[in-house]
Amino acid sequence: MIVIVVLVALIAAGGLFLLFRPGGKAAPPPPPQAPPLPEEEEKRPPAAGEAEGATTTIPPPAQPTAPAEPMVKAPEVEVPPPSAGRMVRLRSRLAKSQSSFGRGLLELLSRDRLDDEVWDEIEERLITADVGVAPTRAMVEELQTKVKVLGSRTPEEVRALLREQLLIQVNPDLDRTLHVARHGERPAVVLVVGVNGTGKTTTTGKLARSLIGDGKKVVLGAADTFRAAAADQLQTWGDRVGADVVRGPEGGDPASVAFDATARGMTEKADVVIVDTAGRLHTKTGLMDELGKVKRVIEKKATVDEVLLVLDATTGQNGMRQAQVFAEVVNITGIALTKLDGTAKGGIVISVQRELGVPVKLVGLGEGPDDLAPFDPEVFVDAILGE
């Protein structure tokens, strides 16, 4: 019993010793370790108003945005000059290309002695200039008669003689008015025809510029659906001067485009609708028949006031054959001669009018957008003869 009491006392004393010995206080357990923060978060200073040590959720990285597409700038609408006086302004270009023809004739007619050899040379020069055989003979006969009456001739008299005969052949009395006046609620319709390569679509665009310069509202019909980029070319012309362009699918029905363009012209109260047709070859009967169809379809809604045949003045008598075939299909009302300022022979004006019985109404005297001019017979003849 005594032994048990002694053991209990020893155990109690040992416990008190361990409890009160220096450094004997039990250390509290370490707090749980927080997961490491990302490097960016550890370095980020706390934002204003954010408690120290607060946890912040980092947003996901921003997705790269596609670059904004550049804005397409609308083409600036031009204000073309009026058509009046254009041929006078462009006369120097015509004179530069045609004056050698006029000077040669004046030199021959100024000779003291005009024998058969000289007259043959005069005739040859006229035919070479694409005047045509019949007009050339008529001119030579008249000149021979006038020279015999005059006897001696001064340079001024020779020039007056030649000018008179050239004007007679060009025929200043022909009506060269371009019929583009509205018919009440309906616009005037101009059909532009011709083979590829004559400048038909370009002439259509230049004519639109000229009419807009004269204060008219124009709608263009891109009915040349078979030539690649023809509609785009006409669209460019229209955009430059603010003319609406009606077009269809490539290879589509030209008559349908012409009909829609006429309907658009009526809806928008346009003054003129100009329809550019396919540059069909004059040797292909099927295509020529289609041109007749285009004209008939337009006439279901409006009157075709002008049918302009575009001819390349440099093609000479080949252009004459083209003109004759087109005249059999549609009623041509006027000729637009292009490239008259280059290597063209000015006599084509005389021969084409004589063969077709229709006037030259427009001439192209350069490659600029405003180089299409109403034909003026007196300016033309004076440019050939020079000052």
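A quick note: this is a predicted structure, and the numbers were derived from the prediction, not measured. Residue positions are given per chain, counted from 1 along the sequence in the order it is written. At least 70 in pLDDT is required for a residue's local features to be given in this predicted model, at least 80 for side-chain atom pairs to be given and counted, and no such filter applies to totals for whole chains, interfaces and linings, which use all residues. Each side-chain value is derived from all of the structure's non-hydrogen atoms; neither hydrogens nor water enter the calculation.

(A) Main features of the nonpolar core. Only buried residues count toward a nonpolar core. Its members are Ala, Val, Leu, Ile, Met, Phe, Trp, Tyr and Cys residues joined through side-chain atoms within 4.5 Å. Each residue gets one of three labels from its accessible area relative to the maximum for its type: buried under 20%, exposed over 50%, partly exposed in between, using a 1.4 Å probe on protein chains only. One finds M87, I122, L162, I335, L337 and F380 to be the most contacted residues of the largest nonpolar core, which totals 76 residues. Those residues in contact with L162, other than ones at most four positions away along the chain, are G102, L105, L106, L109, M139, L143 and L385. Counting residues in hydrophobic clusters, the runner-up holds 22 residues, among them V180, L211, L234 and L362. The contact rule is simple, with two residues in contact once any of their heavy atoms fall within 4.5 Å.

(B) Here's a closer look at the pattern of salt bridges. A pairing counts as a salt bridge when a side-chain nitrogen of Lys or Arg comes within 4 Å of a carboxyl oxygen of Asp or Glu. Scanning the entire structure with this criterion turns up 19 salt bridges. D370 is the salt-bridge partner of R86, the closest N and O atoms lying 3.3 Å from each other. With R86 in helix 3 (residues 86-89) and D370 in the loop between strand 7 (360-364) and strand 8 (372-374), this residue pair connects regions lying 284 residues apart in the sequence. Through salt bridges with shared partners, a single network forms among E78, R86, R209, R240 and D370. Runs of H or I in DSSP of at least four residues are treated as helices and runs of E of at least two as strands, each being numbered from the N terminus.

(C) Geometry of the sheet that holds strand 5 (residues 304-312). Here we have eight strands laid out as an open sheet, ordered 3-2-4-1-5-6-7-8, and mixed in their pairing. This sheet does not close on itself; its edge strands, each paired only once, are strand 3 (244-247) and strand 8. The average undirected angle you get between the axes of adjacent strands in this sheet is 25°. Note on pairing: DSSP must find at least two bridges between two strands before they are called paired. Taken together, the five bridges between strand 5 and strand 6 (residues 334-338) define a ladder with parallel strand orientation. Looking at the pairing, L311 lines up with L337 of strand 6. Of the strands in this sheet, strand 1 (188-193), strand 2 (218-222), strand 4 (272-276), strand 5, strand 6, strand 7 and strand 8 touch helix 8 (residues 200-213), which is tilted by about 170° from strand 4. In this fold helix 12 (residues 317-329) packs onto strand 1 and strand 5, with an angle of close to 155° to the strand it touches most, strand 5. For helices, the fitted axis covers only the stretch in contact; all axes are lines through C-alpha atoms, and the angles between them, taken along N-to-C directions, range from 0 to 180 degrees.

(D) Spatial organisation of the environment of K361. By the secondary structure assignment, K361 is in strand 7. Expressed as a C-alpha distance, the spacing of K361 and F375, which sit 14 residues apart in the sequence, is 5.2 Å. One polar contact links the side chain of K361 to the main-chain carbonyl oxygen of T177, over a distance of 2.8 Å. Pairs of N or O atoms are called polar contacts if they sit within 3.5 Å, as long as, within protein, a hydrogen donor faces a hydrogen acceptor (for residues adjacent in sequence, only side-chain-to-side-chain pairs).

(E) Expanded view of the pairing of strand 5. For strand 5, a buried count of nine out of nine residues is recorded, marking the element as mostly surrounded by other parts of the structure. Convention used here: a crossover is right-handed provided that the path from the first strand, over the helix, to the second strand proceeds clockwise when the strands point away from the viewer. Tracing the backbone out of strand 5, into helix 12 and back to the parallel element strand 6 gives a crossover that is right-handed.

(F) Representation of the packing of helix 6 (residues 133-150) against helix 7 (residues 155-170). At their nearest, the axes of helix 6 and helix 7 sit 10 Å apart, and the two run at 150° to each other. Classed by the angle they form, the pair helix 6 and helix 7 counts as roughly antiparallel. Crossing angle aside, the handedness with which helix 6 passes helix 7 is right-handed. Touching P135, A138, M139, E142, L143, K146, V147 and L150 of helix 6 are E157, L161, L162, E164, Q165, L166 and Q169, all from helix 7. Each residue gets one of three labels, nonpolar for Ala, Val, Leu, Ile, Met, Phe, Trp, Tyr, Cys and Pro, charged for Asp, Glu, Lys and Arg, and polar for the others, Gly among them. Residue composition of the contact of helix 6 with helix 7, by class: nine nonpolar, two polar and four charged. Orientation is classified from the angle alone, with under 35 degrees giving roughly parallel, over 145 giving roughly antiparallel, 65 to 115 giving roughly perpendicular, and any other angle giving oblique. When the near helix sits turned anticlockwise from the far one by under a right angle, the crossing is termed left-handed; a clockwise turn instead gives a right-handed crossing.

(G) Focus on empty space enclosed by the protein. Note on definitions: the grid is 1 Å and covers protein atoms alone; a cavity is a set of points where a 1.4 Å probe fits but cannot get out; a pocket is an open set with protein on both sides within 12 Å along at least five of seven lines; lining residues have an atom within 4 Å of a point. Grid points are joined across faces, edges and corners, and a volume is the space filled by probe spheres set on the points. Applying the stated criterion to the full structure yields one cavity of 30 Å³ or more. Looking at the largest cavity, the residues that line it are F101, L166, V170, G346, G347, I350, F380, V381 and I384. Residue assignment for the lining of the largest cavity shows that the elements contributing at least two residues are helix 7 and helix 14 (377-385). If you tally residues by element for the lining of the largest cavity, the top one is helix 14, at three residues. Of the residues that constitute the lining of the largest cavity, the class distribution is seven nonpolar, two polar and no charged.

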